[in-house]
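Structure at a glance
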Amino acid sequence: MTNTATAAKGLEAMLAMRPLEGLRVLTIENYVAGPYCSMWLADAGAEVVKIESRDTGGDRARSTSPVRVTDDGRHRGLSLMRTNRNKKSVTLDLKHPDGKATFLDLAAKADIVVENLRAGVMDRLGLGYRALNAVNPGLIYVAISGFGQKDFLPSPYVDHPAFDIVGQALSGVMYRPERQGDRPTYLGFSLADIEAGVLGAYGALLALIHRGRTGKGQLVDISLYDASL
């Protein structure tokens, strides 16, 4: 093989490898914000394993309209397809001791965890950042919630659930100068969720650089409200 052919083959192999190949991401996510974050990581080559609960029907987007009836008669929410490409999915009961033990074992071998539950839910399950950091000090934990987590300057709304429309409303995005006198208007797409997902992915990448320098993981705390602002 000539030097030119060898160089071309090496370049082809390099281009075929995506930037995050070899990284494993675990997610506990619903609807848009968390899935949008992990979708970008999956697109960049990370192996994303989506943890879903059989009891609740998995990601709520599976039952969100528009719905398509499959050949076997099941109703499939097409919203799921917006933000879940390139991912694997498994069912796991995180409230059961065996399910919790399995998740801890997976987290010990993971690089990133992404969750967009209400603040404190993962802590109550015994699977929050501190618990996972104890088994994997290099783990990067991305938490996306309505108003941030409870460990640093907690919001007065920290215990409240929040959807995209709440982030848009409270941040003032729904009040537009050119429509003074009108009622606040939803933008028509999930801007707060999308922004939170982008910032979550960005934070995870910065934390990966930090881990490369120090060997230590970090908690990336993203709120829909802050992202909307």
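Quick look at the structure, then. (Residues numbered from 1 in each chain as written. Predicted model: local features only at pLDDT ≥ 70, side-chain atom pairs only at ≥ 80, totals over all residues. Heavy atoms only, no water.)

This part covers helix α6 (residues 164-171). Residues of α6 that are buried include every one of Asp 164, Gly 167, Gln 168 and Ser 171, and no others. For α6, the arc enclosing every buried residue in end-on projection is 100 degrees, short of the 170-degree limit, so these residues lie on one face. Where α6 is buried, its residues meet α7 (191-214) and α8 (224-228). Just downstream of α6 lies Gly 172, where phi reads positive at about 95 degrees. (Buried < 20%, exposed > 50% of the residue type's maximum accessible area, 1.4 Å probe, protein only. Helix = DSSP H or I, 4+ residues; strand = E, 2+ residues; numbered from the N terminus. Arc of directions from axis to C-beta. Contact = heavy atoms within 4.5 Å.)

A word on the sheet that holds strand β7 (residues 140-145). Spatial ordering of the open sheet is given by β5-β2-β1-β6-β7-β8, a layout of six strands whose pairing is parallel. Two strands close off the open sheet at either side, each with one partner strand: β5 (87-91) and β8 (219-223). Each strand of the sheet is rotated relative to its neighbour by a mean of 20 degrees, with strand direction disregarded. Examined bridge by bridge, β7 and β8 share five bridges and lie parallel to one another. Across the sheet, residue Val 142 finds its bridge partner in β8, namely Val 220. Running over the sheet, helix α3 (residues 97-108) touches β1 (24-28) and β2 (47-52) and is turned about 145 degrees from β1. (Pairing = 2+ DSSP bridges. Axes fitted to C-alpha atoms, helices over the stretch in contact; angles between N-to-C directions.)

A positive phi angle, close to 65 degrees, is found at Asn 86, a residue other than glycine. Tracing the sequence through the fold places Asn 86 in the loop between β4 (75-77) and β5. Positive phi, normally seen in glycine, also occurs at Leu 153, with a value near 45 degrees. As for its position among the elements, Leu 153 is in the loop between β7 and α6.

Quick look at a nonpolar patch on the surface now. Together, Tyr 31, Phe 163, Ile 165 and Tyr 186 make up an exposed nonpolar region whose accessible area comes to about 380 Å². Checked against the element boundaries, Ile 165 lands in helix α6. Judged by relative accessible area, Ile 165 falls into the partly exposed class, the value being 43%. (Patch = residues over 30% accessible without salt bridge, like charges linked within 9 Å, V, L, I, M, F, W, Y side chains within 5 Å. Areas by Shrake-Rupley, 256 points an atom, 1.4 Å probe, with all protein chains shown as cover. Salt bridge = Lys/Arg side-chain N within 4 Å of Asp/Glu carboxyl O.)

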